[in-house]
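Letter by letter, the chains look like this.
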Amino acid sequence: MLLLELSKHAGYLPVTLPAPSQVWSALLANPRGIGLALGETTMNAIRGYAVAIVVALGAAFIAAFVAALRPTIYNLGVGLSSIPLIAATPLLALWLGNGPLTRSLIAGLASYFPLLVGAMQGFRAYETNHMELFHVYSASRWRVFRFLILPSSLPYLFTGFKLAAPLAVLGSLTAELTGAENGIGVLMLNALFNFDIKMVWLTVLVACAMSGAGYAIWALIERLTIYWEAPSNSSG
Amino acid sequence: MPKDLTVKDASKWFDSRGQQVIALDRASLSLPAGGFGAIIGPSGCGKSTLLRMVADIIAPSAGSILVGNEKPSTARLEHAIGFVFQSATLLPWRTVRENIALPLAIVGRKSKRVARRTPDELIELVSLQGFEDALPAQLSGGMQQRVSIARALVLAPDILLLDEPFGALDEITRQRMNLELLRIWAESSTTALLVTHSIDEAVFMADSVFVMSPRPGRISQVVDVPLPRPRTLQMMSSKIFFDTVNRVREGLYGIDAQGTADLAAGAPAVVQ
Ligand SMILES: Nc1ncnc2c1ncn2[C@@H]1O[C@H](COP(=O)(O)OP(=O)(O)OP(=O)(O)O)[C@@H](O)[C@H]1O
Ligand SMILES: [Mg+2]
């Protein structure tokens, strides 16, 4: 940081790379506006993320119970994930209106795939001899799920949660690029058009911080939840 | 109430990539209710396969298995079977007490099985007091296996199946665990069937030793152990013990001289 600051003042850096102090001053120039934009983008990301969790885990749950549906659910998931978000946003906006609903859904669309893959893999990650143990006791399918499949899947679920959080932020940002009024994505786009380099960098940094925070929160929850594994073994 | 076990001409073949593997070839054995049987044989001869068929984990390809005059599936649905796997198979997120109580949680309160022991009584039985709240990762291999034995006993099974439960343990620990297992078995009124690789262990533990021949596996000989109960370590230096061990050894290693003749004649092993 210090090096960056000094090099800038010495004139070593190109115009496209501002000094940290300049980025900082961009934040100080309009903290309220940036705060509002941050709130908007975060809210859409969280809403979409929540929907994605419910849908992906629900689908994986069904796949765990009905083996015949597994390929269908998986292929549907792959197909859905291949939709280019930048194109999907205006389309969704046509149907659902150009509002938070559309942008939340895009955030969900952007983030559900690792959740789905993580859950579908996780729900099959139990050990065979554990399953045989449950079989010897004639456990009901629900009890097998609750006592074996779900706990065994937690490391996979958390991997999905961690990977999906930055994607939800990214989706929320992307959705703002086409016709939103507020949000970090809007600020970023405006700054780009106005060649406001400091602002571009500020929005980029804010976006990174949001993604990082999303990841870090889940890494923390994972560490507290999976108490039976030594921290050195976990992927956090 | 302990259940007797009758296996008659049970065979199992697996299809692995188009090729048929015969894991077990017309195995027969019978074990009276409350008896202690041991299965011994070389690796890959089908011991686990046989045990898993008795527990209804897999179904026989041919032949019949009766647990107390019922199909294994019936016994399983009655929660009458206790199974101790080769590895302890504990759930890593459950404490010792919670692992032992797992069958209770799985079966729920509706179960008709009455003769239950509380997890705490079982913890005492397997001498794990003080470790009730420890996680499996904090236990030694021997302690983990004791937890899994306690778990197998919590629903007071009518038949207890043990697949090389102490295979991974050192000689000393193993001997101690065997003594404990015999004590537990004597107190539990259950039929026990133990798979082992050790001749000494088989003779020391069992009333009858079922000797298996290598692939395709079948039971080639039954050796009765005329030692009284309760068994003590001193018995291991007795002449009866020595003679019985020799008979089992002959059954295991003399297999080619006699076993081939048996197989050629197609006669099932003599079982009483
Ligand atoms: N699911 C399966 N699919 C294909 N082959 C199998 C399967 N299970 C067992 N077998 C084969 O059946 C044979 C007997 O296996 P089993 O596990 O019963 O042997 P074992 O006597 O218990 O050996 P060990 O003492 O090493 O545990 C082996 O040749 C094994 O490869
Ligand atoms: Mg085996």
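The preceding data block contains the structure.
So, here's what we can say about the structure. What you see is a predicted model; the values in this text were computed from it and never measured.

Each value, and the rule that gives it
- Residues numbered from 1 in each chain as written.
- Chains lettered and ligands numbered in written order.
- Predicted model: local features only at pLDDT ≥ 70, side-chain atom pairs only at ≥ 80, totals over all residues.
- Heavy atoms only, no water.
- Pairing = 2+ DSSP bridges.
- Helix = DSSP H or I, 4+ residues; strand = E, 2+ residues; numbered from the N terminus.
- Expected span 1.5 Å × (residues − 1).
- Bend = angle between axes of the 7 residues up to and from the residue.
- Buried < 20%, exposed > 50% of the residue type's maximum accessible area, 1.4 Å probe, protein only.
- Patch = residues over 30% accessible without salt bridge, like charges linked within 9 Å, V, L, I, M, F, W, Y side chains within 5 Å.
- Areas by Shrake-Rupley, 256 points an atom, 1.4 Å probe, with all protein chains shown as cover.
- Salt bridge = Lys/Arg side-chain N within 4 Å of Asp/Glu carboxyl O.
- Core = buried A, V, L, I, M, F, W, Y, C linked by side-chain atoms within 4.5 Å.
- Contact = heavy atoms within 4.5 Å.
- Near = heavy atom within 4 Å.
- Polar contact = N/O pair within 3.5 Å; in protein donor to acceptor, adjacent residues only side chain to side chain.

Some words on the pairing of strand β2 (residues 19-31) of chain B
Residue and element names in this part refer to chain B.
Here is step 1 of the chain: Two elements, strand β1 (residues 5-16) and β2, share nine bridges in a ladder whose sense is antiparallel. Across the sheet, W13 pairs through a bridge with I22, a residue of β2.
Here is step 2 of the chain: Counting the residues in the hairpin turn of β1 and β2 gives two residues, including R17, whose phi is positive at 50°.

Structural notes on helix α6 (residues 100-122) of chain A
Residue and element names in this part refer to chain A.
Here is step 1 of the chain: Taking 1.5 Å per residue, 23 residues should reach 33 Å; α6 reaches 32 Å between its end C-alpha atoms and fits that length.
Here is step 2 of the chain: The sharpest bend along α6 comes to roughly 40°, located at S111, with the proline P114 sitting one to four residues further on.
Here is step 3 of the chain: Of all the 23 residues making up α6, 17 are buried; the element is thus mostly covered by neighbouring parts of the structure.

Some points on a nonpolar patch on the surface
All names here are of chain A.
Here is step 1 of the chain: Taken together, the side chains of V51, V54, V55, L91, L94, W95, L96, L101 and L105 make up a nonpolar region of the molecular surface, amounting to roughly 930 Å² of accessible area.
Here is step 2 of the chain: Elements represented by at least two residues in the nonpolar patch include exactly α3 (31-65), α5 (85-96) and α6.
Here is step 3 of the chain: Per-element tally for the nonpolar patch: the top contributor is α5, with four residues.
Here is step 4 of the chain: Take L94: it is sitting in helix α5.

Quick look at the nonpolar core
Soluble globular proteins tend to bury their nonpolar side chains together.
Here is step 1 of the chain: Counting residues in each nonpolar core, the largest one holds 137 residues, and the members touching the most others are Y49 and F134 of chain A together with L5, F36, L161, V209 and V248 of chain B.
Here is step 2 of the chain: The greatest single-element share of this core, amounting to 14 residues, is contributed by helix α8 (residues 141-176) of chain A.
Here is step 3 of the chain: Residue contacts for F134 of chain A: discarding those within four places in its chain leaves A139, R143, V144, F147 and L148 of chain A together with L91, L102 and I106 of chain B.
Here is step 4 of the chain: Among the nonpolar cores identified, the runner-up in size contains six residues, and A88, L92, I106 and A175 of chain A belong to it.

Considerations on the site of ligand 1
Residues and elements named next belong to chain B.
Here is step 1 of the chain: Near ligand 1, the surroundings consist of F14, A23, S43, G44, C45, G46, K47, S48, T49, E164, H197 and R215.
Here is step 2 of the chain: A distance of 3.0 Å separates an oxygen atom of ligand 1 from a polar atom in the backbone of G46.
Here is step 3 of the chain: Across the complex, the protein chains shield 66% of the 630 Å² of accessible surface that ligand 1 would expose by itself.
Here is step 4 of the chain: By residue number, the principal contributor to the shell around ligand 1 is helix α1 (residues 47-54), which donates three residues.

On their own, these measurements won't tell you what the molecule is for.
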